[in-house]
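Coordinates in review
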Amino acid sequence: MKNIVVLVSGGGTNLQALIDAQKSGIIKNGEITCVISSNPNAYALERAKNNDIPTKIIPRKEYPDSVTYSHEILNALNELKADLVVLAGFMTILDECVTKEYAYKIINVHPALIPSFCGEGFYGLKVHEKALEYGVKVSGATIHFVNEKADAGAIILQGVVNVKKDDTPEILQRRIMENVEWKLLPEAVSLFCQDRIEIINGKAYVTE
Ligand code: GAR
């Protein structure tokens, strides 16, 4: 059974999708053992508590820079003996002290079709604002491994939705969450826990 630690910063709808998937048996061979939040007021913490999942708060604001913060996260992950780290709406870029030690063991959900609308500064609603500003006709979400470059790690799964003429960033965000993020994130986690993601030349492939 793989030990899953989920990192959050906000509302936690993706965490909820993972909890629901765990309860209904969609996540095979893995269990969420701790939720770590960078934000003490994140609603995601309530979701964890409501489901008897231990929580830990490591407030980003209390650390002077990303490197110091990342070391604290690294200590927590090591203490928890995490086999898989899931960034589910985690709004801090982790330093390479974490991404190197947990190479191909950290999964992130990004709300766009990487390599579009990604990298530093592209997070949350901003991503959808930029997609609408550009006028793209499809968007979606990407589940990928995390490496030392923001949103540049190996892609595991991607899913697409249509963009509609009257979309606002909020409406597009919701469509992408409902149709892609909440389904593909638990699916990728389950695949990882069953050792069904293979890495060849830095690219990820799902095996049968
Ligand atoms: C989700 O749309 C997630 O893809 C995005 O923030 C939202 C968090 O929602 N993540 C990023 O932009 C990370 N770069 P949630 O807290 O309800 O899961």
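Structural notes, computed from the coordinates.

The rules behind the values
Residues numbered from 1 in each chain as written. Predicted model: local features only at pLDDT ≥ 70, side-chain atom pairs only at ≥ 80, totals over all residues. Heavy atoms only, no water. Near = heavy atom within 4 Å. Polar contact = N/O pair within 3.5 Å; in protein donor to acceptor, adjacent residues only side chain to side chain. Areas by Shrake-Rupley, 256 points an atom, 1.4 Å probe, with all protein chains shown as cover. Helix = DSSP H or I, 4+ residues; strand = E, 2+ residues; numbered from the N terminus. Nonpolar A, V, L, I, M, F, W, Y, C, P; charged D, E, K, R; others polar. Bend = angle between axes of the 7 residues up to and from the residue. Buried < 20%, exposed > 50% of the residue type's maximum accessible area, 1.4 Å probe, protein only. Contact = heavy atoms within 4.5 Å. Salt bridge = Lys/Arg side-chain N within 4 Å of Asp/Glu carboxyl O.

Considering the site of the ligand
The immediate surroundings of the ligand are formed by 14 residues, with G12, T13, N14, G124 and E181 found nearest. Between the ligand and the protein, one listed contact pairs an oxygen atom with a side-chain N or O atom of E181 at 2.8 Å. Here the ligand, which alone exposes 450 Å², has 93% of that area covered by the protein. At the level of secondary structure, the elements contributing two or more residues to the shell around the ligand comprise α1 (13–23), β5 (106–110) and α6 (169–193). Of the residues in the shell around the ligand, the class split is six nonpolar, seven polar and one charged.

A look at α6
Of all the bends in α6, the greatest, near 45 degrees, is centred on M177. In the segment just after α6, D195 is the residue with positive phi, at about 55 degrees.

Quick notes on the environment of V161
Relative to the elements of secondary structure, V161 occurs in strand β7 (residues 155–162). On the basis of relative accessible area, V161 is assigned to the buried category, the value being 6%. With 10 residues separating them in the primary sequence, V161 and D151 have C-alpha atoms 20 Å apart. If we ignore the near neighbours within four places in the chain, the residues touching V161 are K137, V138, S139, G140, L172, R175, I176, N179 and V180.

Quick notes on the pattern of salt bridges
A side chain of one charge can pair with a side chain of the opposite charge if their charged atoms are brought near each other. The full count for this structure, using the stated rule, is four salt bridges. The salt bridge partner of K2 is D195, with a shortest N-O separation of 3.2 Å. Pair noted here: K2 is in strand β1 (residues 2–8) and D195 is in the loop between α6 and β8 (197–200), with a separation of 193 residues, a long-range link. A relative accessible area of 18% places K2 in the buried class. When its relative accessible area of 56% is taken as the criterion, D195 is described as exposed. The partner of D167 in a salt bridge is R175, and the shortest N-O contact between them spans 2.7 Å.

Keep in mind these numbers describe shape, not what the thing actually does.
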